Amino acid sequence: MLKGSWRLLLSLFLLMGCRGGETADTENRSAPPIVAKQEATTPVTGDWLVTHALSDPEQLNPLTSNDATASEILSFIFQSLLTRDPRTLELKPLIAQSRPIVSEDKRAYTFKIRRDVHFQDGRPLTGEDVLFSVKAIKCPLVNAPFLQVYFNSIIDAEMIDEYSIRFVTKEPYFLNESVLGENVLILPRHYYDPENLLKDVTLRDLLRDPSKLPDKVKKFADNFNKNYSRNPVGSGPYKFEDWKTGREVDILRDPNYWGNSKPGIDQVFLDRIKYRIINNMDAALVTLKSGSLDTMDLTPIQHTRGTNSERFKREFQKLEYFAPSYSYIGWNNENPIFMDKRVRQAMTYLTNRRQMVKTLLFGLGEVVNGPIFFFRPEYDKTLHDYPYNPDKALTILREAGWKDSDGDGILDKIINGKRTPFRFEFKVPSGSSTGKSIILVLQEELKKHGILATVRELDWTIFLDDVKNHKFDAVIMAWAMQASEPDEYQVWHSSQAANKGSDHISYKNARVDRILEDYRREFDPKKRVKLYREFQEILNDEQPYTFLFARKSVSAVQRRFHGVEVYPAGLRPQEWWVPRSAQKYARETMLQ
Amino acid sequence: MGRYIVQRLFLLIPTFVGVTLVGFLVMHLAPGDPAELRAAGGLGGAREGAISRNKQGGVDEALSQWRKQYGLDRPLPIQYAVWLKNLVTLNFGESFKDNQSVWNKIIERVPVTVKLNVLSLLLVYLIAIPLGIYSATHSNSLGDQITTLVAFVLFAVPLIWAATMAIVFICGGDFLYLFPPAGLESLDYSSHWSLWRKLKDQAWHIFLPVVLLSYDGFAGLSRYMRASMLEVMGQDFVQMARAKGLQERVVIFKHVLRNSLIPQVTILASILPGLIGGSVIIETIFSIPGLGQLGYESVLARDYPTVLALFTVSAILTLVGILISDLLLAVVDPRIAFGRRQ
């Protein structure tokens, strides 16, 4: 289950699906024949899921952790006011009784909290815990600056009574509901702040100068930063059991989970989820085959070779799903060569994206033409496709004034009174092998047409630094995003081109700026879709990026698991279960 | 002798400070910034070349706040001074990753690495020393040439390749299942098992990493052994012993072997830091939670305090190792006398 946007990278490892399984599961998914039919339809509790993690989570403090494995584990242990329906991706209540009441000016949100929720230690969850959780996030001394960035718009919070809480935001913004509803993991105040040090500190106090905060806030933050790295307690269906560094992390089904057999609350069945830490993908696959792992994500090469034997297919099913991300080539729009949109269009025509998906991704991907996750209603499927067409590209380049006038085999053009050859540099992060392959293919293609591109590989952090400072001609990168409502402001608004913002290609368009601003203030989803259709058409014409593709992930899952479904929001191991006769691991003696 | 030791200990201090200064500078001046790395979504992003988004601006502010929290906003000389000051009280600081004490993180992993390396060293010595003796006593025979060839071929095989091949072919994939591909104990390992069962399980897991960690060490050590044996064998007192009519066995094991072991003592200096340094490659490939793996992950994550602590520990062990081997030399070889004027 994907929670807030700050845990985005999760998506790259976990599981985002396509609708209704169009592409899901290329294989037959029958239950093992030993299982009687009736038994196969009623979920029962029991058995373990042994799953793979490539490295240890950095830590399991829900606010200060910053990595994908941790986010995934924490999503089983902690809950938020709202959650998303896995099928429709609509927000729905979880800890809240219903979606919030939004004030007339669209700035205040009031949540009513369920009265039957308790934490894993048995203590009830009340508005006090919710308020504490928000204060902890906003506390400038808590070591979570990158999470705090998402909460800049929250400027006040107060309890109306023990079970209702009201938040005030800076300005109307339709995603504030998601920020408050999904991104605030609710922490038990009595556990994370046993001395109640934040009691008399209001959220407004925390917004002031950090150096003027009272000592007890500092005391709270020190304690919070240091002493809660490996002992999370929340209200979710799984509770933390054990973490052996470099070996495994275990979470156990909580037999006293507040949501047990409550209507509308998702039930869980597996007694234990064990994350085995295996740093090496080859070793992980071998472990999977030898039976010591039940599921793992496969690399494209593992998917095409090495997991197609009859024996493998008998034991595992493979599921394909889209990660909400896309890869692209970013053209520096301030570079004299790429300033001209015709040049950028030509570059897209010269990029054989379908062929790349086929040969470089082994078919595990889909060509995209815009920045929005293409299963979202906002994504415009009618956009011009720019199919591979060198002739057309060359015609456009000629129209734009590019020709080989000095006969050296390289196109050139007089720009600002100077003869400029068509020569530029691609920057590629050295860790990304796909990125490198794409550029090499493209480099070869461009060379045929008199365009000289060189490639420079850079260490990730150096690469990022160059990108932020706009020190590049062209880069290959990917954006990881969410399957929920998009907000493209951060990447395309002209204000983001300055101050190391995310518009690192310096794209500027007044109409686009206007659309992006209006969109954020628009609370009607239909009108938002309309706004973003226009936005995508402009981008499609101007080609500031050459949009490449969205990649697919593949997971192998042992066949004894039932209820394995591909949702638009990914695989959900918390729904899986194993019929009693097929259960592999001993039933747990449930400890209270 | 006592005075000599004290002298040497004092000399260690400037060397040590110099070494840590270089280490500190290398770490901090190397490109890449831990704060930026975290802002872009951590190491997962590096793997995929992807950045997460939907942050509502203000990232720069967050970056500077993060740097401030960890003292990275101060000038480098001050950062170094603070670090050195903490070091004197054996405080290695806290990891950027989880705010836990670096010292505890290291201590937690020491047993695994030491176990792995001691076993592999034992294996290397048990095989290489007899091999060297054999090569020396049968020098230039066919047997000598074959063992030399094999030792050098093993030396030349890249560890990362050998380990991957071993995992693919004998660790339970589509081929043989002789050894486990990852970890140090079975999935269902429990502390309730009998001692014998525990030992068996651990031995089964550690066998392959130990063998792989050892095979390239045979060449070097057996060569050293061979060379020093041959050198001693050419000396007059050996001739003398033979002339006395001693059995060849006694000549070799009593006179030659003892004397040719003296140079081997100096190798101790390199063993001590090796015990802690561990093998980054083997620990990472076999998912063994030792110090090598910790170092590798910390370098990738630019976790300065952890990297520097590991660096410092191995610097100390190297220096101490050199000191010990110097002193041992004096013990085993009475001809060497330190600190005594001629």
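Keep in mind the model is a prediction, meaning the values are calculated, not measured. (Residues numbered from 1 in each chain as written. Chains lettered and ligands numbered in written order. Predicted model: local features only at pLDDT ≥ 70, side-chain atom pairs only at ≥ 80, totals over all residues.)

Let us now look at the overall build of chain B. Within chain B one finds 16 helices and 1 strand. Looking at the 342 residues of chain B, the share that counts as buried comes to 34%. Once local pairs closer than 6 in sequence are excluded, the contacts in chain B between residues at least 24 apart make up 72%. (Helix = DSSP H or I, 4+ residues; strand = E, 2+ residues; numbered from the N terminus. Buried ≥ 20, exposed ≤ 12 C-beta atoms within 10 Å, placed from the backbone. Contact = placed C-beta atoms within 7 Å.)

The next thing to look at is the overall build of chain A. Scanning chain A for helices and strands turns up 19 helices and 22 strands. For chain A, the spread of C-alpha atoms along the three principal axes comes to 80 × 65 × 40 Å. A sequence separation of at least 24 residues applies to 72% of the contacts in chain A between residues at least 6 apart.

Another point: the interface of chain A and chain B. Between chain A and chain B, the residue contacts involve 62 residues of the former and 54 residues of the latter. Every element with two or more residues in the side of chain A that touches chain B is listed here: α1 (10-13), α4 (145-148), α8 (215-227), α9 (281-289), α16 (460-468), β19 (474-480) and α17 (489-492) of chain A. A total of 6 residues in the side of chain A that touches chain B trace back to one element, the largest contributor, which is α9(A). Among the residues making up the side of chain A that touches chain B, the classes are represented as 25 nonpolar, 27 polar and 10 charged. (Nonpolar A, V, L, I, M, F, W, Y, C, P; charged D, E, K, R; others polar.)

To continue, consider the domain arrangement of chain A. Residues and elements named next belong to chain A. Each assigned domain of chain A is listed here: domain 1 (57-227) and domain 2 (325-550). Centre-to-centre separation of domain 1 and domain 2, based on C-alpha positions: 37 Å. Contacts between the two partners involve 8 residues from domain 1, matched on the other side by 8 residues from domain 2. Each residue belonging to the side of domain 1 that touches domain 2 can be placed in one class, and the counts come to 5 nonpolar, 1 polar and 2 charged. (Domains from an automatic or database assignment.)

This part covers the packing of α9(A) against helix α8 (residues 159-170) of chain B. Interhelical geometry of α9(A) versus α8(B) gives an angle of 15° and a closest axis separation of 9 Å. One finds that α9(A) runs roughly parallel with respect to α8(B). Crossing of α9(A) over α8(B) shows left-handed handedness. For the pair formed by α9(A) and α8(B), the contact residues are A:Asp282, A:Ala283 and A:Val286 on the first element and B:Thr164, B:Ile167 and B:Val168 on the second. A breakdown of the residues in the contact of α9(A) with α8(B) according to their chemical character gives 4 nonpolar, 1 polar and 1 charged. (Axes fitted to C-alpha atoms, helices over the stretch in contact; angles between N-to-C directions. Parallel < 35°, antiparallel > 145°, perpendicular 65-115°, else oblique. Left-handed = near helix turned anticlockwise from the far one by under 90°.)

A few words now on the sheet that holds strand β5 (residues 108-112) of chain A. Residue and element names in this part refer to chain A. With antiparallel pairing, 4 strands are arranged side by side in an open sheet as β4-β5-β7-β6. Each having just a single partner strand, β4 (101-102) and β6 (154-161) make up the two edges of the open sheet. Here β6 pairs with strand β7 (residues 164-169) via 6 bridges, running antiparallel. Within β7, the residue paired with Glu158 across the bridge is Arg166. (Pairing = 2+ DSSP bridges.)

Interpretation of this model should avoid reading the predicted coordinates in detail wherever pLDDT is low. On average, residues of chain A carry a pLDDT of 87, and 92% of them reach 70 or more. Note that residues 1-35 of chain A has pLDDT below 50 and, in this model, 114 contacts with residues that lie over four places away or in other chains. (pLDDT = per-residue confidence, 0-100.)

Looking now at the pairing of strand β17 (residues 423-429) of chain A. Both faces of the sheet carry side chains from a regular strand, because those side chains alternate between them. Residue and element names in this part refer to chain A. Direction of pairing for β17 relative to strand β18 (residues 452-458): parallel, over a ladder of 7 bridges. Note on β18: the bridge partner recorded for Arg423 is Leu452. Note that β17 and β19 share 2 bridges and pair parallel. By the bridge assignment for β19, Phe426 is matched with Ala474.

Formed by 196 residues in total, the largest nonpolar core has its most connected members in A:Ile73, A:Leu81 and A:Ala136. Ranked by residues supplied to this core, first place goes to strand β20 (residues 545-558) of chain A with 8 residues. Residues lining this core come from more than one domain, with at least three contributed by each of domain 1 (57-227) and domain 2 (325-550) of chain A. Sequence-distant contacts of A:Leu81, defined by excluding residues within four places in its chain, comprise A:Leu94, A:Ile95, A:Ala96, A:Phe111, A:Val130, A:Leu180, A:Gly181 and A:Val184. Counting 12 residues, the second-largest nonpolar core is a separate cluster that includes B:Phe24, B:Phe92, B:Tyr304 and B:Leu310. (Core = buried A, V, L, I, M, F, W, Y, C linked by C-beta atoms within 7 Å.)

With that out of the way, let us pick up the environment of A:Lys427. Residues and elements named next belong to chain A. Its place among the elements puts Lys427 in strand β17. According to the C-beta neighbour criterion, Lys427 is buried, with 24 such atoms within 10 Å. Between the alpha carbons of Lys427 and Val455 there is a distance of 6.0 Å; along the sequence they are 28 residues apart. If we skip the residues at most four places from it in the chain, Lys427 touches Arg456, Leu458, Phe463, Asp466, Phe472 and Val475.

Now for the confidence of the model for chain B. Of all residues in chain B, 90% have pLDDT values of 70 or greater, and the mean over the chain is 82. Two summary scores accompany this predicted model of the complex, namely pTM at 0.84 and ipTM at 0.79.

Let's shift gears to unusual backbone geometry. Residue and element names in this part refer to chain A. With a phi angle near 55°, Asn196 is a residue other than glycine that sits in the positive phi range. Turning to its location among the elements, Asn196 is positioned in the loop between α6 (189-192) and α7 (203-206). Look at Asn196 and you get partly exposed, because 13 C-beta atoms sit within 10 Å. Phi at Asn416 takes a positive value of approximately 50°, unusual for a residue other than glycine. Locating Asn416 in the fold gives a position in the loop between β15 (412-415) and β16 (418-421).

Take the pairing of β19(A) next. All names here are of chain A. Most of β19 sits out of view: 7 of its 7 residues are buried. As paired elements, strand β13 (residues 325-331) and β19 share 7 bridges and run antiparallel to each other. Across the sheet, residue Ile329 finds its bridge partner in β19, namely Ile476.

What follows deals with helix α2 (residues 68-77) of chain A. Every α-helical turn comprises 3.6 residues, leaving residues that sit three or four positions apart pointing alike. Within α2(A), 10 of the 10 residues are buried, which leaves the element mostly enclosed by the surrounding structure. All of the buried residues in α2(A) are A:Ala68, A:Thr69, A:Ala70, A:Ser71, A:Glu72, A:Ile73, A:Leu74, A:Ser75, A:Phe76 and A:Ile77.

What follows covers the packing of helix α6 (residues 102-137) of chain B against helix α15 (residues 291-300) of chain B. Residue and element names in this part refer to chain B. Between α6 and α15, whose axes approach to 8 Å, the crossing angle comes to 135°. Taken together, the axes of α6 and α15 lie oblique to each other. Of the residues in α15, those in contact with Lys105, Ile106, Arg109, Val110 and Thr113 of α6 are Leu291, Gly292 and Leu294. Partitioning the contact of α6 with α15 into residue classes produces 4 nonpolar, 2 polar and 2 charged.

Glancing now at the environment of A:Val554. Residue and element names in this part refer to chain A. Among the secondary structure elements, Val554 is positioned in strand β20. When the C-alpha atoms of Val554 and Tyr328 are compared, they prove to be 21 Å apart, with 226 residues separating the residues in sequence. When near neighbours in sequence (up to four residues on either side) are disregarded, Val554 contacts Asp297, Leu298, His303, Lys318, Leu319, Glu320 and Leu364.

All names here are of chain B. If you check which residues of helix α12 (residues 248-260) are buried, you get Val251, Ile252, Val256 and Ser260. Along the axis of α12, the buried residues cluster in a sector spanning 85°; they form a single face. For α12, the exposed residues lying more than 90 degrees away from the buried face are Arg249, Phe253 and Arg258. (Arc of directions from axis to C-beta.)

What follows covers the environment of B:Arg302. All names here are of chain B. Relative to the assigned elements, Arg302 resides in the loop between α15 and α16 (304-332). You can call Arg302 buried: it has 23 C-beta atoms within 10 Å. As a C-alpha pair, Arg302 and Ala35 span 267 residues in sequence and 8.9 Å in three-dimensional space. Ignoring any residue separated from it by four or fewer positions in sequence, one finds Arg302 in contact with Gly32, Asp33, Pro34 and Leu37.

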